[in-house]
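Descriptive structure summary
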Amino acid sequence: LAAVLLVLFTVYFACSAILREQPSQLMRPKAPKTGKKILLERIGVIWKHLSFSQKVTMRNLFRYKRRMFMTVVGIAGCTALVLTGFGIYDSVSDILNKQFDEISLHTGMAIYSDEGEEKADTDAINKLLSDKDLDTVDVYIKNLSVKFDGKSADSSIFVVRDNDELKKCVNVKDRISGEKYSLTDDGIIINEKLATLLGNAKKGDEITVYISETETVPMKITDICENYAGPYLY
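If you're wondering where the values come from, they're calculated on a predicted model, not measured in any experiment. (Residues numbered from 1 in each chain as written. Predicted model: local features only at pLDDT ≥ 70, side-chain atom pairs only at ≥ 80, totals over all residues. Heavy atoms only, no water.)

1. Concerning the nonpolar core
What counts, and what does not: To qualify as a nonpolar core, a set must consist of buried Ala, Val, Leu, Ile, Met, Phe, Trp, Tyr and Cys residues joined through side-chain atoms within 4.5 Å. We call a residue buried when its accessible area falls under 20% of the maximum for its residue type, exposed when it is over 50%, and partly exposed in between, using a 1.4 Å probe and counting protein chains only. Starting at the N terminus, helices and strands are each numbered in turn, a helix being any DSSP run of H or I of at least four residues and a strand any DSSP run of E of at least two. Two residues qualify as a contact provided that any one of their heavy atoms is within 4.5 Å of a heavy atom in the partner residue.
Within the largest apolar cluster, 16 residues are counted, with the highest numbers of intra-cluster contacts made by Ile-190, Leu-198, Ile-207 and Leu-233. Looking at this core, the elements that each hand over two or more residues are strand 1 (140–148), strand 2 (151–159), strand 3 (188–191), helix 8 (192–197), strand 4 (206–210) and strand 5 (216–225). Element by element, the count of residues in this core is highest for strand 1, at 3 residues. Aside from chain neighbours lying at most four places away, what touches Leu-233 is Val-146, Ser-155, Ser-156, Ile-157, Phe-158, Ile-188, Ile-189, Ile-190, Leu-194, Ile-207 and Val-209. Ranked by size, the runner-up nonpolar core spans 11 residues in total, among them Phe-158, Val-170, Cys-225 and Tyr-234.

2. Section: a positive patch on the surface
This is how it is decided: Excluding any residue in a salt bridge, patches collect residues exceeding 30% relative accessible area, merging like charges within 9 Å and nonpolar Val, Leu, Ile, Met, Phe, Trp and Tyr side chains within 5 Å. A 1.4 Å probe and the Shrake-Rupley method give the accessible areas. Residues count as covered only by the protein chains that appear here. Put simply, a salt bridge is a Lys or Arg side-chain nitrogen that is within 4 Å of an Asp or Glu carboxyl oxygen. In this tally, Lys and Arg are treated as positive and Asp and Glu as negative; His is ignored, and so are the chain termini. Where a charge lies is defined by one atom per residue type, namely NZ (Lys), CZ (Arg), CG (Asp) and CD (Glu).
Side chains of Lys-30, Lys-33, Lys-36, Lys-65, Arg-66 and Arg-67 sit close together on the surface and give a patch of like positive charge. Locating Lys-33 in the fold gives a position in the loop between helix 2 (23–27) and helix 3 (44–47).

3. A look at the packing of aromatic side chains
To be explicit about the condition: Classification of ring pairs uses Phe, Tyr and Trp, with its six-membered ring standing for Trp, and accepts pairs whose centres are within 6.5 Å; under 30 degrees between planes counts as stacked, over 60 as edge-to-face, and the remaining range as tilted.
Across all of its chains, the model carries 4 aromatic pairs by this definition. Plain terms: the ring middles of Phe-158 and Tyr-234 are 5.5 Å apart, the flat faces sit at 65° to each other, and that makes the pair edge-to-face. Separated by 76 residues along the polypeptide, Phe-158 in strand 2 and Tyr-234 in the segment after strand 6 (232–233) bring together distant segments of the chain. As far as the burial class goes, Phe-158 and Tyr-234 line up, both buried.

4. Let's talk about the pattern of salt bridges
Tallied over the entire structure, the rule returns 8 salt bridges. Close ionic contact of Lys-98 with Glu-102 constitutes a salt bridge, the shortest N to O distance being 3.4 Å. With a gap of 4 residues between them, Lys-98 and Glu-102 both fall in helix 5 (residues 65–103), about one helical turn apart. When its relative accessible area of 29% is taken as the criterion, Lys-98 is described as partly exposed. The exposure class assigned to Glu-102 is partly exposed, which follows from its relative accessible area of 37%. Within this structure, Asp-138, Arg-161 and Glu-165 form a network of salt bridges that share partners.

5. Digging into the state of the cysteines
The cut-off we apply is this: Throughout, a disulfide means two cysteine sulfur atoms within 2.5 Å of one another.
Taken as a whole and judged by the stated rule, the model has 0 disulfides. In this structure Cys-225 is not part of a disulfide, and its nearest cysteine sulfur, from Cys-169, lies 13 Å away.

6. Let's talk about the pairing of strand 5
Short version of the rule: If DSSP finds at least two bridges between two strands, the strands pair.
Where strand 3 lies against strand 5, 4 bridges are found, and the strand directions are parallel. For Ile-189, the partnering residue across the bridge sits in strand 5 and is Asp-223. Pairing of strand 4 with strand 5 involves 5 bridges; the strand directions are antiparallel. Paired with Val-209 across the strands is Val-217, a residue of strand 5. The antiparallel hairpin formed by strand 4 and strand 5 contains 5 residues in its connecting segment.

7. Digging into the side chain of Glu-226
To be explicit about the condition: Within 3.5 Å is the distance limit for a polar contact, defined as a pair of N or O atoms, with the added protein rule that one can donate a hydrogen and the other accept it, and that residues adjacent in sequence qualify only through two side-chain atoms.
Within the secondary structure layout, Glu-226 lies in the loop between strand 5 and strand 6. At 2.5 Å, the side chain of Glu-226 and the side chain of Lys-173 are in polar contact. Within the structure, Glu-226 has its side chain in polar contact with the side chain of Tyr-228 (distance 2.5 Å). Excluding residues that lie within four positions of it along the chain, Glu-226 makes contacts with Lys-98, Ile-103, Lys-173, Asp-174, Arg-175 and Glu-192.

Following this line, the structure appears as structure tokens:
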């Protein structure tokens, strides 16, 4: 809508003066503007040292206010876009470093799967995991749907045997205080992204987790942790 309005305004502004003229006047060639010296021309010390193209540029800018306005607006707009681009780049790069240096502590994943036409080469994976130099943790991950207060969201459930194994994979902590959380038998930990998608769900709220299309399980939120790469439920 903004683009359409701006185009219509520009067209009206450019055409209104011409449409008020008589056809006979429009058929005549337009008389050039009377040549006038700009202020810079009167300062000989500066004017004499300018090149021909610089003199032409100065005269165009200062004699034709519309060209000067378009030049200033164009340069300001391009500068604003460049600054915005650098700002977004810095913000995203900082988040990536925070996510994969401080929060996600694992360096790789080997996935078992018996779904689809091709089965995973479990022998090759077992051989890889038998390497004594590797510190491995068994994790169950599944994509599922979560619902709370009339709002639903897709999430990934992240299941481990105990807190020691969780600490090897993920640093589950509060974003502001830095307090580290542990899983308990009272409920689950979700990250801030999932809480936002569910309409700002809070600690102590009970959410519905869809294990399958027909099976649901109510789960209580014990803590909300920091995480930037997707919605997770621990």
